[in-house]
Amino acid sequence: MRLIIHPDYTGVCRWVACYIAGRITRFAPTAAKPFVLGLPTGSTPLGIYHELISLYREGSLSFAHVITFNMDEYRGLKPDHPQSYNRFMWENFFSFIDIKRDNVNILNGMAADPARECAEYEERIQAAGGIELFLGGIGVDGHIAFNEPGSSLRSRTREKTLSLDTKRANARFFNQNPDAVPASALTVGVGTIMDAREVLLVVSGYNKARALQAVVEGGVSQMWTASCLQLHERALIVADEAATDELKVATVRYFKTIEARQY
């Protein structure tokens with residue numbers, strides 16, 4: 001696991017966007033060999049999406065041969081619902097780049113058969129060649145995607161009931177009303193994320209500090225599902241200083257020293 005620390009959220013977003021752009025460029029994707037990118041929603045990746053849009057507008061990055069798979073979608077929300085993740089992605093990212101609509105994959109929260117929708121999502125990922133890079137965030141309780149505490153570390157895409165803590169955290173998007181947040185979501189599993197050839201986790205803010213400490217310094221646990229990254233061969237965490245507040249001074253010094261030696 002690599003841990004890269006930047007002074008603030010702006011620095012995190014710029015570094016991550018440039019890293020993703022570099023990975024896509026070096027991969028040299030084509031129609032026959034697309035770059036498959038896993039993406040999150042929420043407030044954490046917004047700055048990264050803005051930076052990627054800027055790189056596209058500058059002409060230094062193209063998404064013409066990129067296929068995306070989003071992590072999750074609320075159950076029961078239509079794609080055009082103001083708080084659906086489908087709408088979020090088009091309003092904040094996809095509409096501003098040259099990605100082909102057919103290359104965008106987002107779980108259907110209105111599917112009549114959620115289990116079948118989830119199984120077919122896994123099949124589409126495999127048909128695309130597997131995910132090259134999965135970008136993700138982290139919840140205050142250490143969950144990744146909607147894999148709440150207690151989720152199996154071998155889980156696949158499925159419907160997952162949302163915890164009260166998650167509903168409270170997401171209430172800011174629903175007029176501060178936790179009861180308005182859908183009770184469940186369709187989400188990729190921990191195992192789905194771990195199948196990606198690389199996982200990049202972004203952590204920002206003091207409210208994520210306890211979770212980052214558990215993920216980096218704690219053991220692998222289903223109660224902190226993002227801790228699964230300790231078992232991944234290519235796991236990268238990019239955090240701002242605020243998010244490292246609960247880490248030991250020696251831990252922070254160690255990772256900063258390691259990264260400094262690489263440049």
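Just above sits the structure.
Asks: Any chance you could explain the pattern of salt bridges here in plain terms?
Replies: Two side chains with opposite charge may pair up if their charged atoms get near one another. The tally for this structure, following the rule as stated, stands at twelve salt bridges. Residues Glu198 and Arg234 are paired through a salt bridge, measuring 3.3 Å at the closest nitrogen-oxygen approach. Remark: Arg234 occurs in the loop between helix H7 (209-217) and strand E10 (235-240) and Glu198 occurs in the loop between helix H6 (190-194) and strand E9 (199-203); sequence separation between them is 36 residues. Using a relative accessible area of 40% as the deciding quantity, one classes Arg234 as partly exposed. Salt bridges here are not isolated pairs; linked through shared partners, they connect Arg23, Glu132, Arg197, Glu198 and Arg234.

Asks: I'm lost on the sheet that holds strand E4 (residues 72-74) in this one. Help?
Replies: By definition, the strands of a sheet pair up through backbone hydrogen bonds, in either a parallel or an antiparallel sense. As summarised here, the arrangement of the three strands in space is E4-E8-E7, forming an open sheet in which the pairing is antiparallel. Every interior strand has two partners, whereas the edge strands, E4 and strand E7 (158-161), have only one. Each strand axis lies, on average, 30° off the axis of its neighbour in the sheet, ignoring direction.

Asks: Would you mind going over helix H1 (residues 9-27) with me for this structure?
Replies: Working note: α-helix, 3.6 residues per turn, so residues spaced by three or four point in the same direction. Its 19 residues give H1 an end-to-end C-alpha distance of 27 Å, which sits within 8% of 27 Å, the value for a rise of 1.5 Å per residue. Along H1, the residues classified as buried are Gly11, Val12, Cys13, Val16, Ala17, Tyr19, Ile20, Ala21, Gly22, Arg23, Ile24 and Phe27. Just beyond H1, the residue with positive phi is Ala28, at close to 50°.

Asks: Would you take a moment to explain the nonpolar core for this structure?
Replies: Burial of nonpolar side chains together is a common tendency in soluble globular proteins. Of all hydrophobic cores here, the largest spans 39 residues; its most connected members are Ile193, Leu201, Val203, Leu212, Leu229 and Ile237. Of all the elements in the fold, those that place two or more residues in this core are strand E1 (2-6), strand E3 (66-70), helix H4 (114-127), H6, E9, H7, E10 and helix H8 (249-261). In terms of residues, this core owes the most to one element, H7, which gives five residues. Look past the residues within four positions of Ile193 in its chain and what remains in contact with it is Met71, Phe134, Ile144, Ala145, Asn147, Val188 and Val199.

Rules of the game
Residues numbered from 1 in each chain as written. Predicted model: local features only at pLDDT ≥ 70, side-chain atom pairs only at ≥ 80, totals over all residues. Heavy atoms only, no water. Salt bridge = Lys/Arg side-chain N within 4 Å of Asp/Glu carboxyl O. Helix = DSSP H or I, 4+ residues; strand = E, 2+ residues; numbered from the N terminus. Buried < 20%, exposed > 50% of the residue type's maximum accessible area, 1.4 Å probe, protein only. Pairing = 2+ DSSP bridges. Axes fitted to C-alpha atoms, helices over the stretch in contact; angles between N-to-C directions. Expected span 1.5 Å × (residues − 1). Core = buried A, V, L, I, M, F, W, Y, C linked by side-chain atoms within 4.5 Å. Contact = heavy atoms within 4.5 Å.

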